[in-house]
Amino acid sequence: MKIIHTADLHLFSPMTANLSFDKAKIRNRELFETFERMVDFAKENGVGAFLIAGDMFDSVIVTPSMAEPVMTVIKNAPRIKFFYLTGNHDGGAEIKNTPDNLVIFKNGFNKVRYGDVTVGALGDGGKSDEVLFDESGINILMLHTDIAGDSEFPKLKGKNIDYIALGHIHSFSGGALDHRTKYAYCGCPEGRGYDECGEKGFVLIDSDSGRLNFKFIPFSKRVIKEVKIDITGLSDTSEVFSEAKNALATEDCDSMINLVIEGKVKPENAINLSLIEEQLKKRFFAFRVTDKTALYYEASDYIYDDTLKGEFIRHVAASDKYSEEDKLKIIETGLKALSGEALL
């Protein structure tokens, strides 16, 4: 049997923290459309089971108008059995009028036999000692947790589990728990924020040979990328803008880009990152600039500077009242004031 493992769809998310209202609305629609496309992929590729390992919805408040289109997609794939474990976001959601081909797991340990596969789930409040599978057959456990901090996870060794379908972490990774048990985070099918960079998709499991194998399938409509540039040695906005344009030249305009500006910047450098962001965001679906530059100065550069700026820097540099870190902050604030730039 072929099985899709997905999780963390977070349907009907606000997403206005990173996007305008209009683009958040577009992105929300895309999240649902990706779910539809995954189900179409399942239909076209002979997938028999569809696992959703938590957080199909972004909230415990799931209105009928939110649930109905999702349930309709599931209902229209009657040859596929859907298994949905609620997560930390949608654990209290109440969904009515569920189709016959949908099994919802919530609390504790529960399992269902489907063909040659037994699908179980360890839901909220469940303990590893509740997990019980027969030694024979293909056994899959669904779990929504961060295994790095989950003391119950190592206790699942020797439980006759072939695959643990994990949700909660939004990037793909996998490993082995024991000689029989493999596990994987499928990641989210679509990134929503700038902290969810890289390819997103789902895991395709194949047990047709009697042995379980799985692989990651990239599937997202958009990719969120972090692009870094080092502006050490650049002295003005036009130079930084040129460097940024070159770094972004091959990036897809449909992407969401976080441009990270790094390097050391002297106090007198006049670099307007807000202007750079304003100019470059027109090229992409979503774009932002993250300033990770570090201010630095050498007092010797200002020994013979007879301007007010030079006098100010010499005065702060010579003070023994402040740490070097505080001196940098004072100099930065003072130079902004001297140039007439807004301090807020």
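The rules we used
- Every chain's residues receive numbers from 1 upward, in the order its sequence appears when written.
- The predicted nature of this model means local features are confined to residues of pLDDT at least 70 and side-chain atom pairs, given and counted, to a pLDDT of 80 or more, with totals for whole chains, interfaces and linings taken over all residues.
- Only heavy atoms go into the side-chain values, all of them from the structure, while hydrogens and water stay out.
- Only the stretch in contact is used when fitting a helix axis, every axis being a line fitted to C-alpha atoms; angles between N-to-C directions are given from 0 to 180 degrees.
- Runs of E in the DSSP output that reach at least two residues are strands. Runs of H or I that reach at least four are helices, and both are numbered from the N terminus.
- Each angle is binned into one of four classes, with values under 35 degrees roughly parallel, values over 145 roughly antiparallel, values of 65 to 115 roughly perpendicular, and all other values oblique.
- Residue contacts are counted whenever heavy atoms from the two residues lie within 4.5 Å of one another.
- Three classes are used, and their members are as follows: Ala, Val, Leu, Ile, Met, Phe, Trp, Tyr, Cys and Pro are nonpolar, Asp, Glu, Lys and Arg are charged, and the others, Gly among them, are polar.
- Expected helix span is taken as 1.5 Å per residue step, with the number of steps being one fewer than the number of residues.
- Working definition: with a 1.4 Å probe on protein chains only, accessible area under 20% of the residue-type maximum means buried, over 50% means exposed, and in between means partly exposed.
- The term salt bridge refers to a pairing of a side-chain nitrogen on Lys or Arg with a carboxyl oxygen on Asp or Glu at a separation within 4 Å.
- Remark: nonpolar core denotes a set of buried residues (Ala, Val, Leu, Ile, Met, Phe, Trp, Tyr, Cys) joined through side-chain atoms within 4.5 Å.
- A pair of strands is labelled paired if DSSP reports no fewer than 2 bridges between them.

K.L.:
I would appreciate a short explanation of the packing of helix H1 (residues 21-44) against helix H2 (residues 64-75) in the present structure.
P.N.:
Helix-helix packing is described using two parameters, namely the angle between the two axes and the distance between the axes. Interaxial distance between H1 and H2 falls to 10 Å at its minimum, and their mutual angle equals 10°. The pairing of H1 with H2 is recorded here as roughly parallel in orientation. Two secondary-structure elements touch here, H1 through Phe-32, Phe-35, Glu-36 and Val-39 and H2 through Pro-69, Val-70, Val-73 and Ile-74. Its residues assigned to classes, the contact of H1 with H2 shows seven nonpolar, no polar and one charged.

K.L.:
Just to check I follow, could you spell out H1 for this structure?
P.N.:
Helical geometry note: an α-helix holds 3.6 residues per turn, so side chains three or four residues apart project in the same direction. Taking 1.5 Å of rise per residue, the 24 residues of H1 would be expected to cover 34 Å, and the 35 Å separating its terminal C-alpha atoms lies within 8% of that figure. For H1, the set of buried residues is Ala-24, Arg-27, Asn-28, Glu-30, Leu-31, Phe-32, Thr-34, Phe-35, Met-38, Val-39, Phe-41 and Ala-42. Those residues of H1 hidden inside the fold are in contact with strand S1 (2-6), strand S2 (47-53), H2, strand S3 (81-85), strand S11 (201-206) and strand S14 (256-265). Positive phi shows up at Gly-46, right after H1, with a value of about 65°.

K.L.:
I'm lost on the pattern of salt bridges in this one. Help?
P.N.:
Where charged atoms of side chains with opposite charge meet at close range, the side chains can pair. Across all of its chains, the model carries 16 salt bridges by this definition. The residue Asp-254 makes a salt bridge to Arg-222 at a minimum N-O spacing of 3.8 Å. Placement of the pair is Asp-254 in the loop between helix H3 (237-248) and S14 and Arg-222 in the loop between strand S12 (213-218) and strand S13 (224-230), with a sequence separation of 32 residues. Judged by relative accessible area, which is 40%, Asp-254 ranks as partly exposed.

K.L.:
Explain the environment of Asn-28 here, please?
P.N.:
One can find Asn-28 in helix H1. Sequence separation between Asn-28 and Ser-13 is 15 residues; the distance between their C-alpha atoms is 6.6 Å. Residues contacting Asn-28, with those up to four places away along its chain left out, are Leu-11, Phe-12, Ser-13, Pro-14 and Met-15.

K.L.:
Honestly, the nonpolar core in this entry has me stumped. Any pointers?
P.N.:
For soluble globular proteins, the rule of thumb is that nonpolar side chains tend to be buried together. Counting 41 residues, the largest nonpolar core has Phe-35, Phe-50 and Val-70 as the members making the most contacts within it. The set of elements that each furnish at least two residues to this core consists of H1, S2, H2, S3 and S11. Counting residues per element, this core draws most heavily on H1, which supplies eight residues. Apart from the residues lying within four places of it in its own chain, the contact partners of Val-70 are Leu-11, Phe-12, Phe-32, Phe-35, Met-56 and Phe-57. Listed in part, the 23 residues of the second largest apolar core include Met-1, Ile-3, Ala-7 and Val-103.

K.L.:
Just checking my understanding: could you explain unusual backbone geometry for this structure?
P.N.:
Backbone geometry follows two general trends: most residues other than glycine have a negative phi, and most peptide bonds adopt the trans configuration. Its identity as a non-glycine residue notwithstanding, Asp-8 has a phi of 55°, on the positive side. Phi angles above zero are rare outside glycine, and His-168 is one such case at about 115°. Residue position: His-168 is located in the loop between strand S8 (163-167) and strand S9 (173-176). Here His-168 falls in the partly exposed class, since its relative accessible area comes to 29%.

K.L.:
Whenever I open this one, the pairing of strand S6 (residues 117-122) confuses me. Can you help?
P.N.:
Regular strands have side chains that alternate between both faces of the sheet. Most of S6 is tucked away: six of the six residues are buried. The side-chain alternation of S6 yields two buried faces, one formed by Val-117, Val-119 and Ala-121 and the other by Thr-118, Gly-120 and Leu-122. Note that strand S5 (residues 109-114) and S6 share six bridges and pair antiparallel. Looking across to S6, one finds that Tyr-114 is bridged to Val-117. Where S5 folds back on S6, the antiparallel hairpin that results is connected by two residues, among which Gly-115 adopts a positive phi of roughly 65°.

K.L.:
In this structure, what is going on with the sheet that holds S13? I would like to understand it.
P.N.:
Two modes of strand pairing occur in sheets, parallel and antiparallel, and in both the strands are linked by backbone hydrogen bonds. Read from one edge of the open sheet, three strands run S13-S14-S15, paired in parallel fashion. Sheet topology places S13 and strand S15 (286-295) at the edges, where each strand pairs with a single neighbour. This sheet shows a mean twist of 15° between the axes of neighbouring strands, independent of strand direction. Sheet topology note: the S13/S14 ladder contains seven bridges and is parallel. Its bridge partner being in S14, Glu-226 is matched across the sheet by Asn-258. Helix-sheet contacts for H3 involve S13, S14 and S15, and the interaxial angle to S13 is about 140°.

K.L.:
For this particular structure, what's the right way to read the environment of Val-62?
P.N.:
Within the fold, Val-62 resides in the loop between S2 and H2. As for Val-62 and Phe-284, which are separated by 222 residues in sequence, their C-alpha atoms are 32 Å apart. Those residues within four positions of Val-62 in sequence are excluded, and the remaining contacts are Phe-57, Ala-67, Ala-93 and Glu-94.

K.L.:
Any chance you could explain the environment of Phe-312 here in plain terms?
P.N.:
Note that Phe-312 resides in helix H5 (residues 308-318). For the pair Phe-312 and Gly-334, spaced 22 residues apart in sequence, the C-alpha separation works out to 7.9 Å. When near neighbours in sequence (up to four residues on either side) are disregarded, Phe-312 contacts Ile-330, Ile-331, Gly-334, Leu-335 and Leu-338.

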